[in-house]
2 protein chains.
Amino acid sequence: MYKEFDFCEVSQELLQQLQKGAFLTVKSGNKVNTMTIAWGSLGYMWNRPVFTAMVRYSRYTYELIKDASEFTVSFPLKGQLDRTLSVCGTKSGRDIDKFKECSLTLKEGVSTETPIIDDCDLHLECRIVYSQEMNAEKLDGKIKGSSYPEGNYHVFYFGEIVKVYRKEVWV
Amino acid sequence: MYKEFDFCEVSQELLQQLQKGAFLTVKSGNKVNTMTIAWGSLGYMWNRPVFTAMVRYSRYTYELIKDASEFTVSFPLKGQLDRTLSVCGTKSGRDIDKFKECSLTLKEGVSTETPIIDDCDLHLECRIVYSQEMNAEKLDGKIKGSSYPEGNYHVFYFGEIVKVYRKEVWV
(Lines give C-alpha, C1' and ligand atoms only; values in the text may rest on other atoms or scores of the structure.)
Protein backbone atom coordinates (compact mmCIF):
# COMPACT_ATOMS: atom_id res chain seq x y z
CA MET A 1 0.00 0.00 0.00
CA TYR A 2 1.27 3.44 -0.91
CA LYS A 3 0.15 6.81 0.35
CA GLU A 4 0.48 9.99 -1.68
CA PHE A 5 1.93 13.24 -0.35
CA ASP A 6 2.47 16.82 -1.38
CA PHE A 7 6.11 17.52 -2.19
CA CYS A 8 6.30 20.17 0.56
CA GLU A 9 5.21 17.73 3.25
CA VAL A 10 8.12 15.40 2.58
CA SER A 11 10.71 18.08 1.89
CA GLN A 12 12.53 17.96 5.22
CA GLU A 13 12.99 14.19 5.23
CA LEU A 14 13.84 14.23 1.55
CA LEU A 15 16.53 16.91 1.79
CA GLN A 16 18.01 15.34 4.92
CA GLN A 17 18.18 11.89 3.33
CA LEU A 18 19.50 13.31 0.04
CA GLN A 19 22.66 14.38 1.83
CA LYS A 20 23.14 10.79 3.04
CA GLY A 21 22.17 9.34 -0.34
CA ALA A 22 19.21 8.44 -2.53
CA PHE A 23 18.76 6.33 -5.66
CA LEU A 24 18.29 7.97 -9.05
CA THR A 25 16.80 5.35 -11.35
CA VAL A 26 16.60 5.72 -15.12
CA LYS A 27 15.39 3.57 -17.98
CA SER A 28 16.15 3.79 -21.66
CA GLY A 29 14.76 1.13 -23.97
CA ASN A 30 15.13 -2.09 -21.98
CA LYS A 31 18.13 -0.86 -19.99
CA VAL A 32 17.61 0.18 -16.38
CA ASN A 33 20.24 1.53 -14.00
CA THR A 34 20.36 3.29 -10.66
CA MET A 35 23.02 5.48 -9.11
CA THR A 36 23.50 7.07 -5.72
CA ILE A 37 22.95 10.81 -5.59
CA ALA A 38 23.69 13.14 -2.69
CA TRP A 39 23.10 16.41 -4.54
CA GLY A 40 19.89 17.73 -6.04
CA SER A 41 17.17 20.28 -5.49
CA LEU A 42 13.46 20.39 -4.72
CA GLY A 43 11.38 23.31 -5.85
CA TYR A 44 8.46 24.86 -7.62
CA MET A 45 9.06 26.08 -11.16
CA TRP A 46 6.78 26.73 -14.12
CA ASN A 47 3.76 26.20 -11.83
CA ARG A 48 4.78 22.66 -11.00
CA PRO A 49 6.83 20.81 -8.37
CA VAL A 50 10.27 19.97 -9.73
CA PHE A 51 13.18 17.81 -8.59
CA THR A 52 16.49 18.72 -10.18
CA ALA A 53 18.97 15.85 -10.54
CA MET A 54 22.63 16.21 -11.50
CA VAL A 55 24.41 13.58 -13.61
CA ARG A 56 28.05 13.69 -14.72
CA TYR A 57 28.93 12.88 -18.33
CA SER A 58 31.13 9.97 -17.20
CA ARG A 59 28.23 8.08 -15.63
CA TYR A 60 26.49 5.10 -17.19
CA THR A 61 23.32 6.78 -15.96
CA TYR A 62 24.10 9.67 -18.28
CA GLU A 63 24.10 7.33 -21.26
CA LEU A 64 20.57 6.29 -20.34
CA ILE A 65 19.05 9.54 -19.08
CA LYS A 66 20.18 11.57 -22.09
CA ASP A 67 17.62 9.64 -24.16
CA ALA A 68 15.02 9.26 -21.43
CA SER A 69 11.92 11.29 -20.65
CA GLU A 70 11.60 10.26 -17.00
CA PHE A 71 13.46 9.36 -13.84
CA THR A 72 12.56 8.24 -10.36
CA VAL A 73 14.23 8.99 -7.04
CA SER A 74 13.91 6.55 -4.12
CA PHE A 75 14.88 7.47 -0.56
CA PRO A 76 15.73 4.84 2.09
CA LEU A 77 14.88 6.66 5.32
CA LYS A 78 15.86 4.10 7.94
CA GLY A 79 19.52 3.49 7.18
CA GLN A 80 18.60 0.06 5.76
CA LEU A 81 20.57 0.57 2.54
CA ASP A 82 23.67 2.44 3.66
CA ARG A 83 25.98 -0.22 2.26
CA THR A 84 24.04 -0.37 -0.98
CA LEU A 85 24.17 3.41 -1.38
CA SER A 86 27.92 3.12 -1.14
CA VAL A 87 28.07 0.35 -3.79
CA CYS A 88 25.72 2.18 -6.17
CA GLY A 89 27.78 5.35 -5.84
CA THR A 90 31.12 3.73 -6.63
CA LYS A 91 30.42 0.83 -9.02
CA SER A 92 29.23 1.40 -12.57
CA GLY A 93 26.18 -0.15 -14.17
CA ARG A 94 28.46 -0.78 -17.14
CA ASP A 95 30.30 -3.42 -15.09
CA ILE A 96 27.68 -4.91 -12.81
CA ASP A 97 23.92 -5.35 -12.57
CA LYS A 98 23.44 -3.25 -9.44
CA PHE A 99 19.94 -4.55 -8.78
CA LYS A 100 21.08 -8.18 -8.79
CA GLU A 101 24.36 -7.49 -7.03
CA CYS A 102 22.67 -5.53 -4.22
CA SER A 103 19.44 -7.58 -4.12
CA LEU A 104 17.34 -4.52 -4.84
CA THR A 105 13.70 -4.98 -5.79
CA LEU A 106 12.45 -2.92 -8.70
CA LYS A 107 8.78 -2.08 -8.73
CA GLU A 108 6.76 -0.59 -11.54
CA GLY A 109 6.22 3.16 -11.28
CA VAL A 110 2.66 4.34 -10.68
CA SER A 111 2.87 7.08 -13.30
CA THR A 112 6.18 6.32 -14.97
CA GLU A 113 7.52 3.44 -17.00
CA THR A 114 10.74 3.88 -15.04
CA PRO A 115 10.66 1.69 -11.92
CA ILE A 116 11.23 2.72 -8.31
CA ILE A 117 13.32 0.81 -5.76
CA ASP A 118 10.83 -0.89 -3.51
CA ASP A 119 13.33 -1.39 -0.66
CA CYS A 120 13.12 2.38 -0.08
CA ASP A 121 10.47 4.30 1.83
CA LEU A 122 9.81 7.48 -0.11
CA HIS A 123 9.59 7.86 -3.87
CA LEU A 124 9.42 10.59 -6.48
CA GLU A 125 8.32 9.89 -10.03
CA CYS A 126 9.46 12.61 -12.41
CA ARG A 127 8.91 13.58 -16.03
CA ILE A 128 11.87 15.47 -17.50
CA VAL A 129 10.70 18.92 -18.60
CA TYR A 130 14.07 20.59 -19.01
CA SER A 131 17.75 19.70 -19.06
CA GLN A 132 20.88 21.75 -19.34
CA GLU A 133 24.59 21.09 -19.43
CA MET A 134 26.64 23.09 -16.93
CA ASN A 135 28.64 25.96 -18.25
CA ALA A 136 31.80 26.29 -16.19
CA GLU A 137 32.29 29.92 -17.09
CA LYS A 138 29.95 31.25 -14.39
CA LEU A 139 30.90 28.69 -11.74
CA ASP A 140 32.60 29.68 -8.50
CA GLY A 141 36.33 28.98 -8.80
CA LYS A 142 36.54 27.06 -5.54
CA ILE A 143 33.72 24.72 -6.59
CA LYS A 144 35.32 24.26 -9.98
CA GLY A 145 38.54 23.14 -8.32
CA SER A 146 36.99 20.90 -5.68
CA SER A 147 34.09 19.33 -7.58
CA TYR A 148 35.39 19.32 -11.16
CA PRO A 149 39.18 18.97 -11.12
CA GLU A 150 39.01 16.91 -14.33
CA GLY A 151 36.26 18.93 -16.01
CA ASN A 152 33.75 16.09 -15.62
CA TYR A 153 30.76 18.41 -15.26
CA HIS A 154 27.14 17.69 -14.45
CA VAL A 155 24.08 17.91 -16.61
CA PHE A 156 21.00 19.19 -14.77
CA TYR A 157 17.77 17.25 -15.29
CA PHE A 158 14.67 19.13 -14.18
CA GLY A 159 11.92 16.59 -13.51
CA GLU A 160 8.32 17.57 -12.94
CA ILE A 161 7.28 15.55 -9.90
CA VAL A 162 4.18 13.72 -11.03
CA LYS A 163 3.91 11.50 -7.96
CA VAL A 164 5.22 11.57 -4.38
CA TYR A 165 4.46 8.57 -2.19
CA ARG A 166 5.71 6.36 0.55
CA LYS A 167 4.99 2.91 1.83
CA GLU A 168 2.13 3.20 4.16
CA VAL A 169 2.99 2.21 7.69
CA TRP A 170 0.36 0.03 9.31
CA VAL A 171 0.36 0.49 13.04
CA MET B 1 16.48 38.63 18.05
CA TYR B 2 17.07 36.09 15.31
CA LYS B 3 17.40 32.36 15.55
CA GLU B 4 19.41 30.30 13.08
CA PHE B 5 18.15 27.12 11.44
CA ASP B 6 19.31 24.36 9.17
CA PHE B 7 17.88 24.73 5.66
CA CYS B 8 16.14 21.34 5.90
CA GLU B 9 14.25 22.33 9.03
CA VAL B 10 12.57 25.26 7.30
CA SER B 11 12.07 23.57 3.93
CA GLN B 12 8.37 22.79 4.27
CA GLU B 13 7.37 26.31 5.33
CA LEU B 14 9.71 27.81 2.78
CA LEU B 15 8.42 25.79 -0.18
CA GLN B 16 4.81 26.33 0.84
CA GLN B 17 5.28 30.08 1.18
CA LEU B 18 7.30 30.28 -2.04
CA GLN B 19 4.23 29.25 -3.99
CA LYS B 20 2.31 32.14 -2.40
CA GLY B 21 5.23 34.54 -2.84
CA ALA B 22 8.54 35.61 -1.31
CA PHE B 23 10.83 38.61 -1.76
CA LEU B 24 14.05 38.29 -3.73
CA THR B 25 16.24 41.24 -2.77
CA VAL B 26 19.36 42.28 -4.65
CA LYS B 27 21.88 45.06 -4.38
CA SER B 28 24.33 46.38 -6.94
CA GLY B 29 26.44 49.39 -6.00
CA ASN B 30 24.06 51.65 -4.09
CA LYS B 31 20.94 50.36 -5.87
CA VAL B 32 18.66 47.96 -4.02
CA ASN B 33 15.50 46.35 -5.35
CA THR B 34 13.16 43.53 -4.41
CA MET B 35 10.78 41.48 -6.49
CA THR B 36 8.18 38.86 -5.74
CA ILE B 37 9.12 35.31 -6.67
CA ALA B 38 6.88 32.26 -6.62
CA TRP B 39 9.29 29.89 -8.31
CA GLY B 40 12.63 28.62 -7.09
CA SER B 41 14.33 25.57 -5.64
CA LEU B 42 15.97 24.47 -2.41
CA GLY B 43 18.67 21.86 -2.46
CA TYR B 44 22.08 20.54 -1.66
CA MET B 45 24.72 20.88 -4.39
CA TRP B 46 28.52 20.95 -4.38
CA ASN B 47 28.46 20.01 -0.66
CA ARG B 48 26.51 23.10 0.28
CA PRO B 49 22.88 24.19 0.72
CA VAL B 50 21.70 26.11 -2.33
CA PHE B 51 18.65 28.20 -3.19
CA THR B 52 18.07 28.60 -6.91
CA ALA B 53 16.32 31.82 -7.94
CA MET B 54 14.93 32.56 -11.40
CA VAL B 55 14.99 36.07 -12.88
CA ARG B 56 13.70 37.10 -16.30
CA TYR B 57 15.81 39.34 -18.53
CA SER B 58 13.08 41.98 -18.56
CA ARG B 59 13.24 42.57 -14.82
CA TYR B 60 14.89 45.51 -13.15
CA THR B 61 16.17 42.92 -10.69
CA TYR B 62 18.06 41.31 -13.56
CA GLU B 63 19.93 44.56 -14.20
CA LEU B 64 21.13 44.47 -10.60
CA ILE B 65 21.69 40.76 -10.01
CA LYS B 66 23.74 40.25 -13.16
CA ASP B 67 26.51 42.29 -11.51
CA ALA B 68 25.88 41.10 -7.94
CA SER B 69 27.53 38.38 -5.91
CA GLU B 70 24.69 37.89 -3.42
CA PHE B 71 20.94 37.87 -2.93
CA THR B 72 18.57 37.41 -0.04
CA VAL B 73 15.13 35.83 0.07
CA SER B 74 12.58 36.89 2.70
CA PHE B 75 9.42 34.92 3.42
CA PRO B 76 6.35 36.48 5.09
CA LEU B 77 4.70 33.46 6.71
CA LYS B 78 1.61 34.98 8.24
CA GLY B 79 -0.13 36.54 5.24
CA GLN B 80 0.88 39.99 6.50
CA LEU B 81 2.27 41.11 3.16
CA ASP B 82 -0.11 39.59 0.63
CA ARG B 83 -0.91 42.96 -0.91
CA THR B 84 2.75 43.94 -0.97
CA LEU B 85 3.68 40.69 -2.69
CA SER B 86 1.21 41.58 -5.37
CA VAL B 87 2.63 45.11 -5.81
CA CYS B 88 6.24 43.88 -5.88
CA GLY B 89 5.36 41.28 -8.48
CA THR B 90 3.67 43.68 -10.87
CA LYS B 91 5.38 47.06 -10.47
CA SER B 92 8.97 47.66 -11.56
CA GLY B 93 11.74 49.09 -9.41
CA ARG B 94 12.55 51.20 -12.47
CA ASP B 95 9.36 53.19 -11.88
CA ILE B 96 8.86 53.19 -8.12
CA ASP B 97 10.86 52.77 -4.92
CA LYS B 98 9.11 49.63 -3.75
CA PHE B 99 10.45 49.89 -0.20
CA LYS B 100 9.07 53.38 0.26
CA GLU B 101 5.87 52.73 -1.66
CA CYS B 102 5.08 49.59 0.36
CA SER B 103 6.54 50.79 3.68
CA LEU B 104 8.96 47.88 3.80
CA THR B 105 11.79 47.94 6.32
CA LEU B 106 15.20 46.94 5.04
CA LYS B 107 17.59 45.45 7.56
CA GLU B 108 21.27 44.77 7.12
CA GLY B 109 22.10 41.16 6.29
CA VAL B 110 24.00 39.20 8.91
CA SER B 111 26.44 37.71 6.41
CA THR B 112 25.61 39.68 3.28
CA GLU B 113 25.82 43.30 2.29
CA THR B 114 22.46 42.80 0.62
CA PRO B 115 19.66 43.60 3.08
CA ILE B 116 16.72 41.43 4.10
CA ILE B 117 13.12 42.61 4.48
CA ASP B 118 12.53 42.83 8.19
CA ASP B 119 8.73 42.70 7.89
CA CYS B 120 9.12 39.04 6.92
CA ASP B 121 9.61 36.08 9.23
CA LEU B 122 12.12 33.78 7.58
CA HIS B 123 15.25 34.79 5.69
CA LEU B 124 17.89 33.23 3.49
CA GLU B 125 21.18 34.99 2.79
CA CYS B 126 22.86 33.64 -0.31
CA ARG B 127 26.18 33.99 -2.09
CA ILE B 128 25.90 33.41 -5.83
CA VAL B 129 28.12 30.46 -6.78
CA TYR B 130 26.75 29.74 -10.23
CA SER B 131 24.41 31.27 -12.77
CA GLN B 132 23.13 30.13 -16.10
CA GLU B 133 20.85 31.47 -18.77
CA MET B 134 18.08 29.11 -19.85
CA ASN B 135 18.46 27.38 -23.15
CA ALA B 136 15.01 26.93 -24.66
CA GLU B 137 16.11 24.05 -26.86
CA LYS B 138 15.68 21.40 -24.18
CA LEU B 139 12.58 22.91 -22.61
CA ASP B 140 9.22 21.13 -22.66
CA GLY B 141 7.08 22.59 -25.45
CA LYS B 142 4.06 23.15 -23.23
CA ILE B 143 6.11 25.13 -20.70
CA LYS B 144 7.69 27.10 -23.50
CA GLY B 145 4.25 28.13 -24.73
CA SER B 146 2.71 28.89 -21.35
CA SER B 147 5.63 30.49 -19.47
CA TYR B 148 7.62 32.07 -22.30
CA PRO B 149 5.25 33.09 -25.09
CA GLU B 150 7.44 36.11 -25.80
CA GLY B 151 10.80 34.40 -25.28
CA ASN B 152 11.43 36.35 -22.09
CA TYR B 153 13.41 33.52 -20.45
CA HIS B 154 14.82 33.17 -16.96
CA VAL B 155 18.37 33.20 -15.76
CA PHE B 156 19.03 30.77 -12.92
CA TYR B 157 20.99 32.10 -9.95
CA PHE B 158 22.36 29.38 -7.68
CA GLY B 159 22.99 30.92 -4.27
CA GLU B 160 24.91 29.12 -1.55
CA ILE B 161 22.79 29.61 1.55
CA VAL B 162 25.18 31.09 4.07
CA LYS B 163 22.54 31.92 6.67
CA VAL B 164 18.98 30.78 7.46
CA TYR B 165 17.16 32.53 10.27
CA ARG B 166 13.86 33.77 11.52
CA LYS B 167 12.62 36.29 13.99
CA GLU B 168 12.52 34.58 17.30
CA VAL B 169 9.04 34.39 18.72
CA TRP B 170 8.85 35.38 22.35
CA VAL B 171 5.96 33.64 24.03
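Computed from a predicted model, the values in this text were never measured in an experiment.

A. Representation of the relation of the copies chain A and chain B within the structure. Screw-axis analysis of chain A against chain B gives a translation of 0.0 Å along the axis, an RMSD of 0.0 Å, and a rotation angle of 180 degrees. Interpreted geometrically, this transformation is the action of a two-fold axis. For chain A, the minimum C-alpha distance to the rotation axis belongs to A:Leu42 and amounts to 2.7 Å. A shared interface surface links the copies, since 100% of the contact residues of chain A are contact residues in chain B too.

B. Molecular detail of the pairing of strand S6 (residues 70–75) of chain A. Residue and element names in this part refer to chain A. Across the 6 residues of S6, 6 count as buried, placing the element largely inside the fold. On S6, burial covers both faces: Glu70, Thr72 and Ser74 on one face and Phe71, Val73 and Phe75 on the other are all buried. Bridge analysis of strand S2 (residues 22–28) against S6 gives 3 bridges, and the strand direction is antiparallel. Each residue of the ladder has a partner; that of Leu24, found in S6, is Val73.

C. Examining the environment of B:Gly141 more closely. Residues and elements named next belong to chain B. If you trace the backbone, Gly141 turns up in helix H5 (residues 141–147). The class for Gly141 is exposed, based on a relative accessible area of 53%. Between the C-alpha atoms of Gly141 and Arg94, which are 47 residues apart in sequence, the distance is 32 Å.

D. Structural detail: the pairing of strand S5 (residues 48–56) of chain B. Residue and element names in this part refer to chain B. The element S5 is largely enclosed, with a buried count of 8 among its 9 residues. Relative to S5, strand S4 (residues 40–45) is paired through 6 bridges, and the arrangement is antiparallel. Counted as the bridge partner of Gly40 is Ala53 from S5.

E. Molecular detail of the interface of chain A and chain B. Between chain A and chain B, the contact holds 36 residues from the first and 36 residues from the second. Summing the contributions of chain A and of chain B, the shared interface buries around 3400 Å²; its carbon and sulfur component is 58%. It is A:Tyr44, A:Trp46 and A:Tyr130 that lose the most area in chain A upon contact with chain B, and together they represent 18% of the buried surface on that side. At the junction of chain A and chain B, the tally comes to 2 salt bridges. Between B:Arg127 and A:Asp140 there is a salt bridge; the shortest N-O distance is 3.3 Å. Counting across the chain A and chain B interface gives 23 residue pairs in polar contact (both at pLDDT 80 or more). Among the secondary structure elements, those contributing two or more residues to the side of chain A that touches chain B are helix H1 (11–20), strand S4 (40–45), strand S5 (48–56), strand S9 (122–133), helix H5 (141–147) and strand S10 (154–167) of chain A. By residue class, the composition of the side of chain A that touches chain B is 18 nonpolar, 12 polar and 6 charged. Across 5 bridges, the pairing between S4(A) and S4(B) is antiparallel.

F. Representation of helix H3 (residues 82–90) of chain B in the model. Residue and element names in this part refer to chain B. By the burial criterion, the buried members of H3 are Thr84, Leu85, Val87 and Cys88. Taken end-on, H3 shows its buried residues confined to a sector of 165 degrees, consistent with a single buried face. Every exposed residue of H3 that faces more than 90 degrees away from the buried side is listed here: Arg83 and Thr90.

G. Spotlight on the side chain of A:His154. Residue and element names in this part refer to chain A. Looking at where His154 falls in the secondary structure, it is placed in strand S10. A relative accessible area of 5% places His154 in the buried class. A polar contact is formed between the side chain of His154 and the side chain of Tyr148, at a distance of 2.6 Å. Among residues more than four places away in sequence, those in contact with His154 are Trp39, Met54, Val55, Arg56, Glu133, Met134 and Tyr148.

H. Up close: the confidence of the model for chain A. Counting all residues, the mean pLDDT for chain A is 95, and 98% of those residues have values of 70 or more. Both scores are given for the predicted complex: the pTM is 0.96, the ipTM 0.96.

I. Representation of the pattern of salt bridges in the model. Counting across every chain of the model gives 16 salt bridges over all chains. Between A:Lys78 and A:Asp121 there is a salt bridge; the shortest N-O distance is 2.8 Å. Of this pair, A:Lys78 sits in the loop between S6 and helix H3 (82–90) while A:Asp121 sits in the loop between strand S8 (116–117) and S9; the two residues are 43 residues apart in sequence, bridging distant segments of the chain. Note on A:Lys78: relative accessible area 64%, which makes it exposed. When salt bridges that share partners are traced, they join A:Arg48, A:Arg127, A:Glu160 and B:Asp140 into one network.

J. Just the packing of aromatic side chains, in detail. Under the defined criterion, the tally for this structure stands at 22 aromatic pairs over all chains. For the ring pair A:Tyr2 and A:Tyr165, a centre distance of 5.0 Å and an interplane angle of 90 degrees mean the geometry is edge-to-face. One end of the pair, A:Tyr2, is in strand S1 (residues 2–4); the other, A:Tyr165, is in strand S10, and 163 residues separate them in sequence. Given a relative accessible area of 24%, A:Tyr2 falls into the partly exposed group. Ring centres 5.9 Å apart and planes at 65 degrees place the aromatic pair A:Trp46 and A:Phe158 in the edge-to-face group. Note that A:Trp46 is positioned in the loop between S4 and S5 and A:Phe158 in strand S10, a separation of 112 residues in sequence. In this structure, A:Trp46 and A:Phe158 share a single accessibility class: buried. Three or more aromatic residues joined by ring pairs make a cluster, and in this case those are A:Trp46, A:Tyr130, A:Phe156, A:Phe158, B:Trp46, B:Tyr130, B:Phe156 and B:Phe158. The ring of A:Phe5 is capped by A:Arg166, whose NZ or CZ atom sits 4.7 Å from the centre of that ring.

Cut-offs and rules
- Residues numbered from 1 in each chain as written.
- Chains lettered and ligands numbered in written order.
- Predicted model: local features only at pLDDT ≥ 70, side-chain atom pairs only at ≥ 80, totals over all residues.
- Heavy atoms only, no water.
- Least-squares fit on C-alpha atoms with pLDDT ≥ 70 in both.
- Contact = heavy atoms within 4.5 Å.
- Buried < 20%, exposed > 50% of the residue type's maximum accessible area, 1.4 Å probe, protein only.
- Helix = DSSP H or I, 4+ residues; strand = E, 2+ residues; numbered from the N terminus.
- Pairing = 2+ DSSP bridges.
- Buried area = accessible area lost by both parts, 1.4 Å probe.
- Salt bridge = Lys/Arg side-chain N within 4 Å of Asp/Glu carboxyl O.
- Polar contact = N/O pair within 3.5 Å; in protein donor to acceptor, adjacent residues only side chain to side chain.
- Nonpolar A, V, L, I, M, F, W, Y, C, P; charged D, E, K, R; others polar.
- Arc of directions from axis to C-beta.
- pLDDT = per-residue confidence, 0-100.
- Phe/Tyr/Trp six-rings, centres within 6.5 Å; stacked < 30°, edge-to-face > 60°.
- Lys NZ or Arg CZ within 6 Å of the ring centre and 35° of its normal.

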